[in-house]
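Descriptive analysis of the structure
Here's the letter readout for the chains.
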Amino acid sequence: MLQTAPLGRTDMHITRTGFGAWAIGGGGWAHAWGEQDDAESIAAIRHAVESGVNWIDTAAIYGLGHSEEVVGQALRDIGEADRPYVFTKGGLVWDESDRSAPARRVGDPASLRRGVENSLRRLGVERIDLYQMHWPADDGTPLEAYWQAFAELKAEGKVRAIGLSNHHVDELERAEAIDHVDSLQPPFSMIRRQAAGDVIPWCDKNSTGVIVYSPMASGLLTGSFTQERAAALGDDDWRSRSRDFTGEGLRRNLALVEDLRPIAERLEVTVAALAVAWTLAFGGVTGAIVGARRPDQIDGWLSATNLQLGEQDLADIAAALRAHGIGEGPARP
């Protein structure tokens, strides 16, 4: 049985790891992970649900709608009693005539409503369990205007709960004054730790759930990533342009992984599971979004859901982070 935790003040209790559907959006857009086989994606989702994972996190922008479509296909084959919670995100608008162009961050309420209807159709559901604003808008729409639209969508029953992704404390405060922020989705891993110093404590204080993304640093902390794999990343994989996956950044990150291996071996888990469990050890973190492109990848991190890290484990990880000068923010809970 996988451990669960209440998602803020909502009535949802979610497993402490959830299935992340970014990579299964496939290729052909600005932040793709390269081509992906839909059949493998569906098999991975089924395996996650059969293993006890009870939520999926996707977004309209992932594959420019394709990730939601794949999730919808997988859901059709899962009985209602076993159906996982479905979380998605909106507010990013793309140009169908130039699918490689970066999306625009749009907060216009009419655009958000169209986005919700499109997501409901692609997912094949009557209600979205958690709808999140993917990024702060840069189209001139004030946060107050788009958050009011989210509150109205919740009141109308289009969505069950509402959240923010990639927003800062001052933005959370402004949103909270209008309607409760049910959940926040920040980036958080051993390599990107800033959230532990600001937004996660805010959420803990305000009974806002936190589902962190990229806890394995987009593959760097899986224990299977190498210099050779980094060099082989295609131009259609956003990681090929990231400082964390090239040059000195990659060297430091892979050196950190080597220091994590003996800790993982001591706990009899993978480095991937250790990396995810580390994020879950922080107070205020409800769950971690963990991606998978194949069923076997889920088996590599699933044990993180119930893994408890001890004092020595946390101290050793913090020492490794400091030794390699990686990241900013708290090095341990």
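An account of the accompanying structure is given in this report. A quick note: this is a predicted structure, and the numbers were derived from the prediction, not measured.

1. Considerations on the sheet that holds strand 11 (residues 209–212)
Taken together, the eight strands give a closed barrel; going around it, the order is 3-4-5-8-9-10-11-12, and neighbouring strands pair in parallel fashion. The average angle at which neighbouring strand axes cross in this sheet is 25 degrees, direction not considered. Taken together, the two bridges between strand 11 and strand 12 (residues 287–291) define a ladder with parallel strand orientation. Within the sheet, the bridge partner assigned to I211 lies in strand 12 and is G287. Its contacts with the sheet put helix 3 (residues 109–123) on strand 5 (85–90) and strand 8 (130–133), and the angle it makes with strand 8 is roughly 140 degrees.

2. Section: the pairing of strand 9 (residues 162–165)
A regular strand carries its side chains on alternate faces of the sheet. Side chains I162 and L164 of strand 9 all project onto a buried face; the interleaved residues G163 and S165 project onto the opposite face, where all are buried too. Pairing of strand 8 with strand 9 involves three bridges; the strand directions are parallel. Residue pairing across strands places Y131 opposite I162, the latter belonging to strand 9. The parallel pair strand 8 and strand 9 is bridged by helix 4 (residues 143–155), and the resulting crossover is right-handed. Two strands pair when backbone bridges link them, and strand 9 and strand 10 (residues 183–185) are joined in this way by three bridges, in the parallel orientation. Among the inter-strand pairings, G163 is bridged to a residue of strand 10, identified as S183. Where the polypeptide runs from strand 9 across helix 5 (residues 169–176) and back to strand 10, its parallel neighbour, the crossover connection is right-handed.

3. Overview of the nonpolar core
One broad rule of soluble globular proteins: the nonpolar side chains tend to lie buried together. Formed by 97 residues in total, the largest nonpolar core has its most connected members in F19, L164, L221, L260, W278, W301 and I317. The leading source of residues in this core is helix 9 (residues 271–280), at nine residues. Those residues in contact with F19 that lie beyond four places of it in its chain are I24, A44, I45, A48, V53, W55, I56, D57, I289, V290, A292 and I298. Core analysis: the next-biggest nonpolar cluster, separate from the first, contains eleven residues, M12, Y85, A161 and I289 among them.

4. Some details on the pattern of salt bridges
Here the structure, examined in full by the defined rule, presents 18 salt bridges. In this structure, R160 engages D11 in a salt bridge whose closest nitrogen and oxygen atoms are separated by 3.1 Å. Of this pair, R160 sits in the loop between helix 4 and strand 9 while D11 sits in the loop between strand 1 (4–6) and strand 2 (13–15); the two residues are 149 residues apart in sequence, bridging distant segments of the chain. R160 gets classed as partly exposed once you look at its relative accessible area, which sits at 23%. A salt bridge links R251 to E248, with the nearest nitrogen and oxygen atoms 2.6 Å apart. One end of the pair is R251 and the other is E248, both in helix 8 (residues 247–267) and three residues apart, which spans about a single turn. In this structure E248 comes out as partly exposed when scored by relative accessible area, which is 42%. One salt-bridge network, held together by shared partners, links D11, R83, D129 and R160.

5. Observations regarding the packing of helix 4 against helix 5
Interaxial distance between helix 4 and helix 5 falls to 9 Å at its minimum, and their mutual angle equals 55 degrees. Classified by the angle their axes make, helix 4 and helix 5 are oblique. For the pair helix 4 and helix 5, the sense of crossing is right-handed. Of the residues in helix 5, those in contact with L143, E144 and W147 of helix 4 are E171, R174 and A175. Of the residues contributing to the contact of helix 4 with helix 5, the split by class is three nonpolar, no polar and three charged.

About the cut-offs
- Residues numbered from 1 in each chain as written.
- Predicted model: local features only at pLDDT ≥ 70, side-chain atom pairs only at ≥ 80, totals over all residues.
- Heavy atoms only, no water.
- Pairing = 2+ DSSP bridges.
- Helix = DSSP H or I, 4+ residues; strand = E, 2+ residues; numbered from the N terminus.
- Axes fitted to C-alpha atoms, helices over the stretch in contact; angles between N-to-C directions.
- Contact = heavy atoms within 4.5 Å.
- Buried < 20%, exposed > 50% of the residue type's maximum accessible area, 1.4 Å probe, protein only.
- Right-handed = clockwise from strand over helix to strand, strands pointing away.
- Core = buried A, V, L, I, M, F, W, Y, C linked by side-chain atoms within 4.5 Å.
- Salt bridge = Lys/Arg side-chain N within 4 Å of Asp/Glu carboxyl O.
- Parallel < 35°, antiparallel > 145°, perpendicular 65-115°, else oblique.
- Left-handed = near helix turned anticlockwise from the far one by under 90°.
- Nonpolar A, V, L, I, M, F, W, Y, C, P; charged D, E, K, R; others polar.

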